[in-house]
Amino acid sequence: MSPEPPSRQSTALSQALRELDIILANAGVGIVFVKARRLVRCNQRYAEIYGFDSAEAAVGHSSVELYATAQEARGLGARAYPVLSSGETFRGEQMMRRQSGELFWAHLTGRLINPDDPADGSIWIVDDITERKLADAALADLHAEQQLIFDHAMVGIVFLRGRRVTRCNRAFEQLFGYGPGELDGQLSRAWYLCDADWKAAGDLCYEPLSRGDSYHAEMLLGRKDGTPVWCEVRSKAIDRSDLSRGSIWITQDITARKLADQELVTAKAQLEALVAQRTQQLSQTVAALEQKVAEQQAAEAHIQRLALFDGLTGLPNRHLLADRASQAIDIARRNDEPLAVLFLDLDHFKNVNDSLGHRVGDAMLVQLASRLRGAVREQDTVARTGGDEFVLVLPLTDIAGAAHLATKLMALASAPFQVEQQELTVTPSMGIAMFPTDGDDFDTLCKCADAAMYRAKKDGRNAYRFFTSEMQAQSARALLLENALRRALERKQLSLHYQPQASLDADGETRIVGAEALLRWHHPELGWVSPAEFIPIAESSGLILPIGEWVLREALCQLRAWDEIGLPELTMAVNLSAVQFRHDDLPELVGRLLGEIGMPAGRLELELTEGAAMDDPAMAITVMNELHERGVRLSIDDFGTGYSSLSYLKKFRVSKLKIDQSFVRDLTEDVEDCAIVDAVIRMAAALGLETLAEGVETEGQLAFLRRHGCRAVQGYLFSRPLPADAFAEFVLSRTMVSV
């Protein structure tokens, strides 16, 4: 066949080009032709994604500038080339950069125009998936939060489908003596003592679950070894309209409570037997009988008094409180009425007993009990549970009513007490839990109110706080971390990372002159635990002292090791907590470690926060002077974020102020941060102090600091904190780097 006339070929080509233009213009994704890493042609959607004014404005730009960094561009090329060169389509997700500098996530689909000749270029389809990535991240966070609650709940939780275990938490496995995963797929028969009990439980729970109600019961179940255990169980169907989807069961060990109940029944039976025996013995004469009956009644009343009431204040004790509270909660549950449980504890009451004696302290408690009784209604219960702790159960009391009463009790408890010609004043801390929001039983409400009371103490005392679920999670997490932290040192879970510190020389060069030692904790089950989370726990538990000594020793030993492999002479900065700084033997400890390791004192720089120094300025000056006399360098960390006084700052024997990263972060954009940083640098220079800026991440920040006279920096612009070996490699690779 003869070829088509040129005019018809030209018309077809024009038609094809017009159709291609229409496709490019109306595509919902970005399309670009790239040749030799240059944008040859793109559609309007591609220009919009990358922030070009038009598709024509994008032509000629390097594709490398569209990536977050040139390194990431090379990385994508290394991943894509093997796929493209084989004639296949490359697909992947990549962080990209718009013309404004904003980073975003993109899905890339690319293919070579001619696999036999890559020089002909490639075509890429780009879709902005930032919103999807954000949604995925949010969903992942939600799943992680749900899993955390499931894993760390203090009660056993199990999901059943067809009466088989589909999932359970560790607390459930431990309750019944099973190892991790041992119950997966097992029939629930595993924790029943016999087949009859198992069948009866299924029959009883079916009707309420099918109605969408909760099933609640107390059951005698069995552990793996056959040991019986009393449990309170609560269950609900996942979908009442389709019970085949399974149910969730929450189980709590109540064996101790059951045993206590049984002991009370036994004691009562023994008492009744004693009464009968005495009555029979004294039946000889009417007069003797009457006398002995009276004696017996008096004895019973006294026993009951001792068993149910506090011997000092006459208030109900724990046993009577639990009984009255359970009755009040049952009534509130049946009538759908509110109820509040309030914990009250006196702040620093131990000081009264230690300084004035227990007799004075007891007299104060008796007066306080009288004030509390006079402040509540007849149906309310005021109990003393021990020491200076009081518990109030308040039926028909909502949140507003509980807050009103708490305010009233604050004033009553804070009013002066007159004891033996002495006028004494104390303050209370109170925690409040509400039924049924915070718990459906007295034990749970007590724990919640107790946690709220400790939050009031943590917030400064002389206050009241309502319980929040966040408190429960934080309390459980803090206890878990404290227990794990006690063994972290001996199990070698703690390590140090080192962040380089660079000097800004007058000739425009930077040199690595030091390192800041940063404590890290990796737990085999919890993973990496943030210092912001475990350092306060270490301080409150006293563990910070042995850990702090280990950090000092480890950092100085590492400094000596770097000297031995030929690193330049560096300084080592080590953070001190307020607890360490206040400890009497800090200067002696530092001197001893320097001597043992053979490190000159001038190579060590101890960093302390403004708060640690200003907590007791006179003590701080004494400790600083002792450390200064030993030759140790001192610096104030996070300067400007605390409440330092310039009148004390000039008395502190410090050589350096560290500018907090919160001021450095927006240095190139926020005029107030610029003014603050400039003022700190000028003030330090006037006082003869060095300055070091933390958190330097951009060239703009570095240029500002250099221009305004800051002579030392640290931050991600130079390096993240590194393990010791990686730090050594970093320093050796760039003893002098021009920035």
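Residues numbered from 1 in each chain as written. Predicted model: local features only at pLDDT ≥ 70, side-chain atom pairs only at ≥ 80, totals over all residues. Heavy atoms only, no water.

**Looking at the sheet that holds strand β11 (residues 339-346)**
- Across the sheet, which stays open at both edges, the 5 strands sit in the order β12-β13-β11-β16-β17 with mixed pairing between neighbours. Of all strands in the sheet, those with a lone pairing partner are β12 (381-386) and β17 (464-466), marking the two edges. The mean angle between the axes of side-by-side strands here comes to 20°, regardless of whether they run parallel or antiparallel.
- Judged from the 7 bridges that link them, β11 and strand β13 (residues 389-395) form a sheet pairing that is antiparallel. Within β13, the residue paired with leucine 344 across the bridge is phenylalanine 390.
- Relative to the sheet, helix α13 (residues 399-414) contacts β11, β13, β16 (428-435) and β17, its axis offset from that of β16 by approximately 160°. (Pairing = 2+ DSSP bridges. Helix = DSSP H or I, 4+ residues; strand = E, 2+ residues; numbered from the N terminus. Axes fitted to C-alpha atoms, helices over the stretch in contact; angles between N-to-C directions. Contact = heavy atoms within 4.5 Å.)

**Some points on the packing of aromatic side chains**
- On inspection of all chains with the given rule, the structure shows 12 aromatic pairs.
- Consider the rings of tyrosine 215 and tryptophan 249, whose centres lie 6.0 Å apart with planes at 70°: the pair is edge-to-face. Of the two residues, tyrosine 215 is situated in strand β8 (residues 215-222) and tryptophan 249 in strand β10 (residues 247-253); the sequence distance between them amounts to 34 residues.
- Owing to a relative accessible area of 9%, tyrosine 215 belongs among the buried residues under this scheme.
- In this structure tryptophan 249 comes out as buried when scored by relative accessible area, which is 9%.
- When the ring of tryptophan 562 is compared with that of phenylalanine 727, the centres are 4.5 Å apart and the planes differ by 25°; the resulting orientation is stacked. Linking tryptophan 562 in helix α17 (residues 544-564) with phenylalanine 727 in helix α26 (residues 724-733), this pair joins segments that are 165 residues apart in sequence.
- Residue tryptophan 562 is classed as buried on the basis of its relative accessible area of 2%. (Phe/Tyr/Trp six-rings, centres within 6.5 Å; stacked < 30°, edge-to-face > 60°. Buried < 20%, exposed > 50% of the residue type's maximum accessible area, 1.4 Å probe, protein only.)

**Notes on the sheet that holds β10**
- With antiparallel pairing, 5 strands are arranged side by side in an open sheet as β7-β6-β10-β9-β8. Bordering the open sheet on either side are β7 (164-168) and β8, each of which pairs with just one other strand. Across the sheet, the axes of successive neighbouring strands diverge by a mean angle of 35°, strand direction being ignored.
- Relative to β10, strand β6 (residues 156-161) is paired through 5 bridges, and the arrangement is antiparallel. Bridged to isoleucine 157 within β10 is isoleucine 250.
- Its contacts with the sheet put helix α8 (residues 255-281) on β8, β9 (228-237) and β10, and the angle it makes with β9 is roughly 125°.

**Things to note about the side chain of lysine 656**
- Tracing the backbone shows lysine 656 in strand β24 (residues 656-659).
- The buried category is assigned to lysine 656, whose relative accessible area is 5%.
- In this structure the side chain of lysine 656 is engaged in a polar contact, spanning 3.0 Å, whose partner is the side chain of glutamate 605.
- Contacts of lysine 656, omitting those with residues within four sequence positions, involve Glu605, Arg633, Leu634, Ser635, Ile636, Glu690, Thr691 and Leu692. (Polar contact = N/O pair within 3.5 Å; in protein donor to acceptor, adjacent residues only side chain to side chain.)

**Focus: the packing of helix α19 (residues 586-597) against helix α21 (residues 617-629)**
- Running from N to C, α19 and α21 point in directions that differ by 20°, and their axes come no closer than 9 Å. Classified by the interaxial angle, the pair formed by α19 and α21 is roughly parallel. For the pair α19 and α21, the crossing hand works out as right-handed. Two secondary-structure elements touch here, α19 through Leu586, Pro587 and Val590 and α21 through Val623, Glu626 and Leu627.
- Across the contact of α19 with α21, the residue classes tally to 5 nonpolar, no polar and 1 charged. (Parallel < 35°, antiparallel > 145°, perpendicular 65-115°, else oblique. Left-handed = near helix turned anticlockwise from the far one by under 90°. Nonpolar A, V, L, I, M, F, W, Y, C, P; charged D, E, K, R; others polar.)

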